[in-house]
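Per-entry structural report
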Amino acid sequence: MPQTLSLPTPAARHKAERDVAELRFVRSGLLGASCSAIMALSLYGRGTASSKRSQIARGRYLVQDVGKCGDCHSPHNARGQVVPGENLAGARLDFRPIRSVPGWVATAPPIAGLPTVTVGEAMRLLTQATDKNGRPPAPPMPYYQMSRADAAAVIEYLQSLEPAGK
Ligand code: HEC
């Protein structure tokens, strides 16, 4: 009988990620218990600041290097470079389909500073490809199905950016 390859479902992967996170939490708890309460508190404080930094760095990687969000959401000059100071500031698309695509929109809204959607709306858009009106986003916005952890990192990064025109 042929062997079937069973990949973990997204739900199973999320659970595994949660379990690992919980394990780390338990381990850091044990570490804290062996120190004084004050030491444990200061360790915790430092941990959250640096985990926020690494969350933003991960979000930056997902946006700039994986999702390539700037291909649409950033304006480009004639040499194809992002206009300085306009990263993810929203743009008129500089390409269009070679046949008509229903619902195609010619502009990508600004996403630096996440000025037009709430965190919840952005989370739903990136994990379930459902926009703030409950519909799939118009093309060419890709239908992303990110994990909640990845979407949270993307959102954290976008929020860390200065909104355009400020
Ligand atoms: C191929 C082009 C393209 C890429 C790549 C792209 N987008 Fe978009 N995005 C769009 C367009 C076009 C819209 C407007 C869709 C609509 O009107 O329904 C949009 C809409 C959005 C919105 C909703 C804004 C609002 O006001 O409703 C968010 C948030 C967003 N994109 C985030 C991202 C992120 C984050 C990435 C990368 C991970 C990304 N997009 C990659 C084209 C793109």
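Everything below is about the structure shown above.
To start, this report covers the structure provided alongside it. Bear in mind the structure is a predicted one, so any value in this text is a computation, not a measurement.

**Thoughts on the site of the ligand**
Among the 23 residues in the neighbourhood of the ligand, the closest are listed as G67, C69, C72, T116 and M141. Broken down by secondary-structure element, the contributors of at least two residues to the shell around the ligand are α2 (37–67), α3 (70–73) and α4 (119–128). Take the shell around the ligand: its biggest share by element is three residues, from α3. Here the shell around the ligand is composed, by residue class, of 16 nonpolar, three polar and four charged.

**Topic: the nonpolar core**
Formed by 21 residues in total, the largest nonpolar core has its most connected members in I111, L126, V154, I155 and L158. Put simply, the parts of the chain that give this core at least two residues each are α2, α4 and α5 (148–160). Non-local contacts of V154, meaning those with residues more than four positions away in its chain, are made with G59, L62, V63 and L126.

**Comments concerning unusual backbone geometry**
Here the residue pair P139 and P140 is connected by a cis peptide bond, since its omega of 10° sits within 30 degrees of zero. Secondary-structure assignment places P140 in the loop between α4 and α5. Despite not being glycine, L88 has its phi angle at roughly 60°, a positive value. By the secondary structure assignment, L88 is in the loop between α3 and β1 (91–92). Among the residues examined, L88 registers 26 C-beta atoms within 10 Å and is labelled buried.

Conventions we followed
- Residues numbered from 1 in each chain as written.
- Predicted model: local features only at pLDDT ≥ 70, side-chain atom pairs only at ≥ 80, totals over all residues.
- Near = placed C-beta within 6 Å.
- Helix = DSSP H or I, 4+ residues; strand = E, 2+ residues; numbered from the N terminus.
- Nonpolar A, V, L, I, M, F, W, Y, C, P; charged D, E, K, R; others polar.
- Core = buried A, V, L, I, M, F, W, Y, C linked by C-beta atoms within 7 Å.
- Buried ≥ 20, exposed ≤ 12 C-beta atoms within 10 Å, placed from the backbone.
- Contact = placed C-beta atoms within 7 Å.

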